[in-house]
Amino acid sequence: MKRKNRGVALVVALLLSTSLVTGCGPSQTKSLDPSRMVKTIEIWTMTPEYSQDRYEAALMIADWWKQLGLDIQVKPMEQAVVSKQTRTPPWDFDTFMLEWAGSPERIDPQLFIYQIFHSSQDVEGGNNRSGYRSPKFDDVAAAQMQETDLEKRREYVLKAQELLAEDVPVITLYFRNMRQAYNHERFSGIVEMPGVGINNIWTLLQAEPKTADRVLRIAHRQDCDNLNPMASFIITDWQILYLIYDTLVRIGPDGKPVPSAASSWEFKSPTVLQVQLKEGLKFHDGKALTAEDVKFTFEYALKWGMPKVAGFVKPVKAVRVIGNNVLEIETSRPTGSLVTGTLAAVPILPKHVWEGLLEREKIAKPADWENVRPVGSGPFKFKYWRRGEEISLETFKEYHTPAKIDGILQTVYPSPDAVLGAMELGKADLTNQELAPIHADKAAQIKHLTVTETPGIGWAYIGLNMRREPFSDPVFRQALAHATNCAELVEVLLDGHGVPGGAGRVISPANAFWHNPNVKQHEFSIDLARKLLADAGYEWDKEGRLYYPAARK
């Protein structure tokens with residue numbers, strides 16, 4: 001366990017800090033205008049109860065940044081509060097720490113390039129929380145979105161990562177490896193999926209029971225919020241929704257698109273994709289699934305918004321039914337992520353359930369519906385949900401590729417210790433979240449458990465509010481990147497089970513096709529960070545506090 005080394009590291013850091021303040025560059029003897037002093041910077045992070053590593057990461061970053069002459073305050077907050085306030089006007093924050101989880105549709109780079117960093121997403125509710133605005137980057141991000149030639153699109157994606165490394169709207173801290181456990185005495189056929197781990201659609205379709213009990217029990221740390229695809233946007237909900245609702249395409253373990261409700265697809269022009277559905281598709285209530293349901297879904301999502309997949313739906317201009325099982329999807333522009341993003345992300349809604357919903361339920365919009373018994377066409381049927389306790393799904397035997405298990409029971413456990421205890425006692429078969437290093441090591445000693453370690457595509461990061469000083473200055477942001485030791489974060493907080501991040505590293509090395517290994521690295525160096533600031537005109541007073549350049553407007 002390497003967290004114990006953090007105390008030693010901090011002592012060394014403080015000694016270095018003292019040395020740097022007094023020994024690097026000329027000491028200030030003249031008085032500086034107090035209005036030029038860089039004000040206190042807040043780091044919004046998670047509470048230690050929610051995320052111990054992100055809380056401790058904030059403390060370590062604060063220690064490094066203080067060596068630049070900054071006054072830093074770490075502010076632990078609820079995850080939901082940080083998430084909401086950083087995407088809501090007036091964007092009253094300095095920096096924040098969040099983490100993008102890995103999921104199959106995020107193997108496509110659309111989210112991590114366009115939806116997080118394009119200036120059009122710097123709006124209320126948008127994902128461009130940093131307020132990053134760069135016409136040069138916008139051109140590249142838009143070009144990758146529209147390019148349908150895979151290799152040409154890849155070149156744009158690689159270029160986008162290089163621009164992010166130069167502009168530093170966020171600093172990626174690390175890509176954590178997902179260490180999970182499953183009971184190999186009860187199930188075989190568990191599939192490891194890069195970036196997603198072992199709790200994925202392929203495990204749930206291919207797992208084979210080794211005992212008479214054929215229900216796979218998943219240990220989860222968080223309950224679902226709601227099961228309305230027109231309202232939900234959190235990953236926990238969608239882990240269940242994507243089992244209940246089918247999509248036209250699923251992303252395979254190798255990252256490539258696999259036909260699901262669709263049997264095939266073909267581009268008829270750069271903006272028109274023809275899709276053929278499989279024969280004999282059914283919803284869980286026995287009604288047939290046809291091209292009309294797919295057309296209805298896209299038109300419904302365009303009209304009312306489907307927050308989780310809004311960015312994937314937006315390019316769709318029209319959907320035309322060509323036959324009972326054939327349709328055409330027309331986009332307003334060529335869209336490179338149409339198959340791997342849109343077709344894999346948008347859940348197919350039953351038209352006969354959702355049409356006329358507002359009048360029938362007397363609600364203002366679809367997002368207001370509780371959808372207490374969701375009806376889909378996915379591999380598992382909703383059975384029951386006891387909020388805060390467990391949710392149960394049973395296998396849909398008429399699915400086009402039915403699962404080998406009889407169902408899923410997902411149970412919420414209050415702590416990582418409780419998850420490990422349930423796995424040890426045989427009350428749970430598979431962990432959803434990654435295990436902390438200490439729990440993974442203990443699980444590996446339990447004879448009926450196998451511990452897996454899967455490279456992640458999600459990333460933890462610290463975002464910088466570029467709408468305000470000092471983060472509006474690119475030199476200041478680059479200095480912060482040099483003063484953030486991502487390698488040490490991985491060693492100390494993840495016990496080495498992860499990959500260091502860095503500015504511009506928003507595509508994980510595990511997502512090899514889209515990852516740019518040549519992105520500029522900001523070497524960890526407090527000396528270099530201070531030199532960048534000094535060269536740009538920043539100054540320090542005799543107490544070592546940082547001041548803006550005199551020429552600043």
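Here is what the cut-offs are and how they apply
Residues numbered from 1 in each chain as written. Predicted model: local features only at pLDDT ≥ 70, side-chain atom pairs only at ≥ 80, totals over all residues. Heavy atoms only, no water. Helix = DSSP H or I, 4+ residues; strand = E, 2+ residues; numbered from the N terminus. Rg over C-alpha atoms; globule rule 2.2 N^0.38 Å. Contact = heavy atoms within 4.5 Å. Pairing = 2+ DSSP bridges. Axes fitted to C-alpha atoms, helices over the stretch in contact; angles between N-to-C directions. Polar contact = N/O pair within 3.5 Å; in protein donor to acceptor, adjacent residues only side chain to side chain. Core = buried A, V, L, I, M, F, W, Y, C linked by side-chain atoms within 4.5 Å. Buried < 20%, exposed > 50% of the residue type's maximum accessible area, 1.4 Å probe, protein only. Salt bridge = Lys/Arg side-chain N within 4 Å of Asp/Glu carboxyl O.

**Q** Can you walk me through the overall build of the protein in this structure?
**A** Check the secondary structure of the protein and you find 18 helices and 23 strands. The C-alpha atoms of the protein give 25 Å as radius of gyration, which agrees with the globular expectation for 553 residues (24 Å, within 12%). Taken along its principal axes, the extent of the C-alpha atoms in the protein is 80 × 55 × 45 Å. Once local pairs closer than 6 in sequence are excluded, the contacts in the protein between residues at least 24 apart make up 71%.

**Q** What should I look at first to understand the sheet that holds strand β14 (residues 326-331) in this one?
**A** The strands making up a sheet are joined through hydrogen bonds of the backbone, oriented either antiparallel or parallel. In space, the 4 strands of this open sheet follow the order β11-β12-β14-β13, with antiparallel pairing throughout. A single partner strand is all that each edge strand has here, and the edge strands are β11 (262-269) and β13 (316-323). Taken over all neighbouring pairs, the strand axes of this sheet differ in orientation by 20 degrees on average, direction set aside. In terms of strand pairing, β11 meets strand β12 (residues 272-277) through 6 bridges, oriented antiparallel.

**Q** What should I look at first to understand the side chain of H118 in this one?
**A** Examined against the element boundaries, H118 turns out to sit in the loop between α4 (110-117) and α5 (135-146). In this structure the side chain of H118 is engaged in a polar contact, spanning 2.8 Å, whose partner is the side chain of S120. Excluding anything up to four places from it in sequence, H118 contacts I113, N128, F137, D138 and A141.

**Q** Looking at this structure, I do not really get the nonpolar core. What am I missing?
**A** Generally speaking, a soluble globular protein has its nonpolar side chains buried in company with each other. Core analysis: the biggest nonpolar cluster contains 74 residues, and L248, V275, L277, I329 and W354 have the highest contact counts within it. Setting aside residues up to four positions removed in sequence, W354 forms contacts with N228, P229, M230, Y245, F296, Y300, L349, P366, W369 and N371. Counting 40 residues, the second largest nonpolar core, distinct from the first, contains I41, L489, Y538 and Y548.

**Q** Would you mind going over the pairing of strand β8 (residues 215-220) with me for this structure?
**A** Consecutive side chains of a regular strand alternate in pointing toward one face of the sheet and then the other. Summarising burial for β8: 5 of the 6 residues are buried, a large majority. Across 6 bridges, the pairing between β8 and strand β17 (residues 407-412) is parallel. The residue of β17 that forms the bridge with A219 is T411. Pairing geometry for β8 and strand β18 (residues 430-431), over 2 bridges, is parallel. Paired with A219 across the strands is T431, a residue of β18.

**Q** Which parts of the structure should I look at to understand the pattern of salt bridges?
**A** Side chains carrying opposite charge are able to pair once their charged atoms draw close together. This structure, assessed with the given rule, holds 34 salt bridges. Here K404 and E208 are joined by a salt bridge, their closest N and O atoms 3.3 Å apart. Taken together, the residues span a long stretch of sequence, with K404 in the loop between β16 (390-395) and β17 and E208 in strand β7 (residues 208-209) at a distance of 196 residues. The residue R250 makes a salt bridge to D246 at a minimum N-O spacing of 3.1 Å. For the pair R250 and D246, a shared accessibility class is recorded, and that class is buried. Connected through shared salt-bridge partners, D53, R54, E99, R176 and E434 make up one network.

Any link to function would need more than the numbers given here.
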